[in-house]
Every structure is written in structure tokens, then in C-alpha cells.
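Breakdown of the fold
Here are the chains, one letter per residue:
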Amino acid sequence: MNSEQQYMDIFTGCREMLDSHSAGAMNALRDKAFEDFTRQGFPTQKVERYKYTDVPAAFAPDYGLNLNRVEFPVNPYEAFRCDVPNLSTSLYFVVNDAFYRKSLPAAALPEGVVVCSLKQAAEDYPDRVSACYGKLARTEKDAINALNTMLAQDGLFIYVPRGVVVERTLQVVNILRSDVDLMANRRVLVVLEENAQARLLFCDHAMDDRNFLTTQVVEVFAAENARLELYELEETHVKNRRFSNMYVRQQRGSVVNLYNITLHNGQTRNRTDLVLDGEGAESNLCGLVIADKEQRVDNNTLIDHRAEHCVSNQLYKYVMDERSVGAFAGRILVRQGAQHTISNERNANLCATKEARMYSQPMLEIYADDVKCSHGSTVGQLNEQALFYMQQRGISREEAQMLLKFAFAGEVIDAISLEALRDRLHHLVEKRFRGELSRCSGCKLCK
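Remember, predicted model here, so these are calculated numbers, not experimental data.

As a further point, take the overall build of the chain. Counting secondary structure elements, the chain contains eleven helices and 20 strands. Relative to its length of 447 residues, the chain is compact, with a C-alpha radius of gyration of 21 Å against a globular reference of 22 Å. Over its C-alpha atoms, taken along the principal directions, the chain stretches across nearly 70 × 55 × 50 Å. For the chain, the proportion of its 447 residues judged to be buried stands at 58%. Considering only contacts within the chain whose residues lie at least 6 apart along the sequence, 83% involve residues at least 24 apart. Accessible surface for the chain amounts to roughly 18,000 Å². Of this, 47% is attributable to carbon and sulfur atoms. Here the chain contributes 53 positively and 60 negatively charged side chains, and the mean placements of these two sets differ by 2 Å.

In C-alpha cells:
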């Protein structure tokens, strides 16, 4: 049996179950997604955007799926005790792919702001969800989108109405929990209306020592003059495979800042596509990857400039140790008519061992003649002269290596505007380089 067939059999055999535990807006797209998945199959490494990840191999194992929505026994407050000192957040949990409804944050949200289960949102606000769901993550364009749309039954919905500023950070903790090997298909829909502002912090954790496979599709709509900061922090384990596709559409004058940090994982493949659809829109992407053992991380980005006077910046840094494999492919597309575009893309990588591998492919594709665009990539090793210099001053070689790695990663962390989160990440990254688990000592997961 090939990798695709088992998922097609699950869909055809469990279609009624899928629908009965989901909602209309999600169910309406399943048939087309199934047709698109059947036609495409999983992309091979001959497909340009997947050349660094063997997708069929990742999806070949037989994982369980909780299609009947059996409730997993979990107290998320016990499973997740990590916090960011001095950072006040409104806290929410998603267990596998289901919004955790048993507890809500004590802090009240501004009037009109909605943070809830996507299934519930599709029932309570059907027009609002139908207008956005599946509009960016096209199933005919990507097989992961198609598979997720076929099988997803729930997820997260965040809505900020016109002119509303959410001062408190919205923190969403995604917890993987299962007694058997499990596949979770999670959906996230974020809508910011005109002049709305919000800050989101997504944290991924794995509670059990099981093989997990997660597909996640995130769609973000930033209307005119909206401002969004979105942080993704992955701290799972080596048995976790994560495939995440994020799509962002920005209108005139909007600003979106994305931070993607992988501290601990097994295999991760992140796709991030941004469309700057209105004049004066701005996007800033920062990524940090720390990998060792045989971990794999593949970040693939596309920033599509469609309007004049837009700005985009990208900075991705990787620290690869032992036999880990990293990949970065970033494409900047400046369409005809998108004059006065300013775009900068940089990928810097550090391979701490001879066995580590890094693949880097920054790209510019420009069809306008009045732009300022640049891109660059570097791959290097630890500076032996600097190591020798520090050893001569009484610093052990291991400590000197850690200090150089920490200094290299610091540029991305320092770009984070939230001071409390920035300080916490400095601490977590130092622990990671010292060989400790990437989660704080208060986590039940670390015990």
C-alpha cells in the first residue's frame, strides 16, 4: 500500500463520522479536497518546494486517528506548567487537534474578540468562517492542504473586530497526548479586521513518549492597517513529525511579524506563504532552528509582493549539530506593477560538526524595475581561532562552543519585541545548547 492509499481509505470509510463530529464550513470542502489529494498524491522530492523533505516516507507509517472524538484524559495545567515570567497572557489549550473547552483564561477579552474552537465558530458564526476557511490554503495547490482539509474536524478560531486592540498576549498551547501512535490534523483561522491589533504565542509540546504526526494549516487575514505579531515555538521530542502550512494575506498598511523557533523536534517541515495585497503592507519573518542528533528541519517561504510600496524582511538562522539536517528555501516574488518594493532576505547557518548538513536556497524573482531587493546565504563552522582564544583564557572548549552558538543565535532572539519572551528564550536557548531538554524545569514532561 502506498502512503496515499491508507488516507484515501480512511476518508471513504469514515466520511459520515468525519462530518458528524465537525461543522458545515469544514465539511463543505472535504469532497473537493479528497479529489485534489487523490489527483496529486504526496509530493516527491522532484517537486521544487518539497525537494528537501521526503513526504511519502513521513506519512507512510500507520498512525491512529481520533475521528470519533474520544476525549483524552488530560489536565493541561498539569501537563504544561511552563510560563514566561512577567508576561501576562490569556491562555488557551488545544489537545491534539481539539480545542480544550473545560477551562478558559481568567482575563476578559475586549468586546467582540473571539477565541474558540473552530468547529464551534463554524456553528455560531457560519458566514464569517465560510468567507475565510480554505480561501488561502488551496487544496489544488498542495497535498498537505488537501489531506488536512479532508480530515480536520476542529482547531482554533481567533477573530478581532475592527479597531480593537488586544493588549494581552493570546497564548495557545498545542499539547500532543495519546496512549498510542497518533496523527492529529489541526486547523487554525485568524481574522483581524481593519485597524485591529493582536499578539499570538503558539507553543507546541508533546506529553507522551509516542510517535506523533501533525498536520497544521493556518490561514491569517490581516485587513487594512491591522497589526499582528505571531510567535511559534516548537518544543516537542524526536518522535514527533510536524507539517505546518501557514498562509497570510495582508491588505493596505497592515503589518505582520512572524517568528518561528524550533528548539526541539523530530522532523519539521514549515511552509510560510505571505501575500502583500495592499499598498504599504509590511511583513517581517524571523526564524531560529537548533537541531542535533538526527533531527530534520525544513523551512520553505514565499513572500508575494503584489502592490506598491510594500516592505518585507526575512532572517533565518540555523545551528546544526551532530547528524542533523536543515533546509531553507526562501522565494521573494515581486510582480509587475509592485513598484517601490523593498525586500531583504538573509539565511545564516552554523554547522557545528562535519556530519551536519544544511541546504540553503534564497531566491529573488522580480518583474518590476523600481525596487530594492537583496538576498544572501552563508554556511560556516565554529571559528577555531575564537575557540582557541577563549580556551587560552581558561574557558573550556565545550563552554566556548556553547558561547559561540549562543552569540550566533542571539540576533534572532533579540529581534523579538516582547521583552519577557525575549529573556525567556535566551534562557531556553542556553539550556538547549548545554544539552538539557528544551523545556523549563516546571514541566511535567521533563520529569
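Considering all chains together, one arrives at 37 salt bridges under this definition. The shortest N-O distance in the salt bridge between Lys32 and Asp36 comes to 2.7 Å. Taken together, the positions of Lys32 and Asp36, both in helix H3 (residues 30-40) and four residues apart, correspond to about one turn of that helix. For Lys32, a relative accessible area of 37% gives the class partly exposed. Exposure remark for Asp36: the relative accessible area of 8% places this residue in the buried category. Between Arg335 and Asp304 there is a salt bridge, and its shortest N-O distance comes to 2.8 Å.

So, about the packing of aromatic side chains. In total, this model carries 13 aromatic pairs according to the counting rule given. The rings of Tyr7, Phe37, Phe42, Phe59 and Phe243 are connected pair by pair, giving a single aromatic cluster. If you follow Arg128 out to its NZ or CZ, it ends over the ring of Tyr125, 4.9 Å from the centre. The ring of Tyr50 carries the charged tip of Arg269 above its face, separated from the ring centre by 3.9 Å.

This part is about the packing of helix H1 (residues 3-20) against H3. Viewed as axis vectors pointing N to C, H1 and H3 meet at an angle of 170°, and their least axial separation amounts to 11 Å. The angle between H1 and H3 falls in the class roughly antiparallel. Taking contact as the criterion, the partners of Glu4, Tyr7, Met8, Phe11, Thr12, Arg15, Leu18 and Asp19 in H1 are, on H3, Arg30, Asp31, Phe34, Phe37 and Thr38. A class-by-class count of the residues in the contact of H1 with H3 yields six nonpolar, two polar and five charged.

Attention now moves to the pairing of strand S10 (residues 227-235). Burial analysis of S10 places eight of its nine residues in the buried class, the great majority of the element. Bridging between strand S8 (residues 197-206) and S10 involves nine bridges; their strand directions are parallel. Bridge pairing in S10 places Leu201 opposite Tyr231. Taken together, the nine bridges between S10 and strand S12 (residues 255-264) define a ladder with parallel strand orientation. Looking at the pairing, Glu235 lines up with His264 of S12.

On to the packing of helix H9 (residues 384-392) against helix H10 (residues 397-414). As a packed pair, H9 and H10 sit with axes 9 Å apart at the nearest point and diverge in direction by 130°. Here H9 lies oblique to H10, going by the angle between them. Between H9 and H10 lies a crossing of right-handed hand. Each of Glu384, Ala386, Leu387, Met390 and Gln391 in H9 lies in contact with H10, whose residues at this interface are Arg397, Ala400, Gln401, Leu403 and Leu404.

So, about the sheet that holds strand S18 (residues 342-351). Strand pairing within a sheet occurs via backbone hydrogen bonds; the two strands may be parallel or antiparallel. Strand order in the open sheet made by the ten strands is S3-S2-S6-S8-S10-S12-S14-S16-S18-S20, with mixed pairing throughout. In this open sheet, the two strands that pair with only one neighbour each are strand S3 (98-99) and strand S20 (372-380). In this structure, S18 lies alongside S20, joined through nine bridges in parallel fashion. Looking at S20, one finds that Arg346 is bridged to Gly376. In the packing of H10 onto the sheet, the strands contacted are strand S14 (282-291), strand S16 (311-320) and S18, and the crossing angle to S16 comes to about 155°. Against the sheet, helix H11 (residues 419-433) engages S8, S10, S12, S14 and S16, with an angle of about 25° to S12.

This part is about the side chain of Glu229. Along the polypeptide, Glu229 turns up in strand S10. Residue Glu229 is classed as buried on the basis of its relative accessible area of 14%. Of the polar contacts made by the side chain of Glu229, one reaches the side chain of Arg199; its length is 3.5 Å. Reaching out from Glu229, the side chain makes a polar contact with the side chain of Ser417 at a distance of 2.9 Å. Leave out the neighbours within four places in its chain, and Glu229 touches Ala198, Arg199, Leu200, Asn257 and Ser417.

Time to look at H11. One turn of an α-helix holds 3.6 residues; hence residues three or four places apart share an orientation. For H11, with 15 residues, the first-to-last C-alpha span of 21 Å sits near the 21 Å given by 1.5 Å per residue. Most of H11 sits inside the fold, with eleven of its 15 residues counted as buried. For H11, every residue scored as buried is listed here: Ala420, Leu421, Arg422, Arg424, Leu425, His426, Leu428, Val429, Lys431, Arg432 and Phe433. Along its buried surface, H11 packs onto S8, S10, S12, S14, S16 and H10. With its phi angle positive at about 85°, Gly435 sits one or two positions after the end of H11.

With respect to the helices, strands and loops of the structure, Thr341 is situated in the loop between strand S17 (325-334) and S18. A polar contact of 2.7 Å, which involves the side chain of Thr341, links it to the backbone oxygen of Ala338. Not counting residues within four places of it along the chain, the set of residues in contact with Thr341 comprises His305, Ala307, Cys310, Val334, Asp370, Val371, Lys372 and Cys373.

Attention now moves to the environment of Ala198. Looking at where Ala198 falls in the secondary structure, it is placed in strand S8. Along the primary structure Ala198 and Gln216 are separated by 18 residues, whereas in three dimensions their C-alpha atoms are 21 Å apart.

Rules used in this analysis
Residues numbered from 1 in each chain as written. Predicted model: local features only at pLDDT ≥ 70, side-chain atom pairs only at ≥ 80, totals over all residues. Heavy atoms only, no water. Helix = DSSP H or I, 4+ residues; strand = E, 2+ residues; numbered from the N terminus. Rg over C-alpha atoms; globule rule 2.2 N^0.38 Å. Buried < 20%, exposed > 50% of the residue type's maximum accessible area, 1.4 Å probe, protein only. Contact = heavy atoms within 4.5 Å. Areas by Shrake-Rupley, 256 points an atom, 1.4 Å probe, with all protein chains shown as cover. Lys, Arg positive; Asp, Glu negative; His and termini not counted. Charge placed at Lys NZ, Arg CZ, Asp CG, Glu CD. Salt bridge = Lys/Arg side-chain N within 4 Å of Asp/Glu carboxyl O. Phe/Tyr/Trp six-rings, centres within 6.5 Å; stacked < 30°, edge-to-face > 60°. Lys NZ or Arg CZ within 6 Å of the ring centre and 35° of its normal. Axes fitted to C-alpha atoms, helices over the stretch in contact; angles between N-to-C directions. Parallel < 35°, antiparallel > 145°, perpendicular 65-115°, else oblique. Nonpolar A, V, L, I, M, F, W, Y, C, P; charged D, E, K, R; others polar. Pairing = 2+ DSSP bridges. Left-handed = near helix turned anticlockwise from the far one by under 90°. Polar contact = N/O pair within 3.5 Å; in protein donor to acceptor, adjacent residues only side chain to side chain. Expected span 1.5 Å × (residues − 1).

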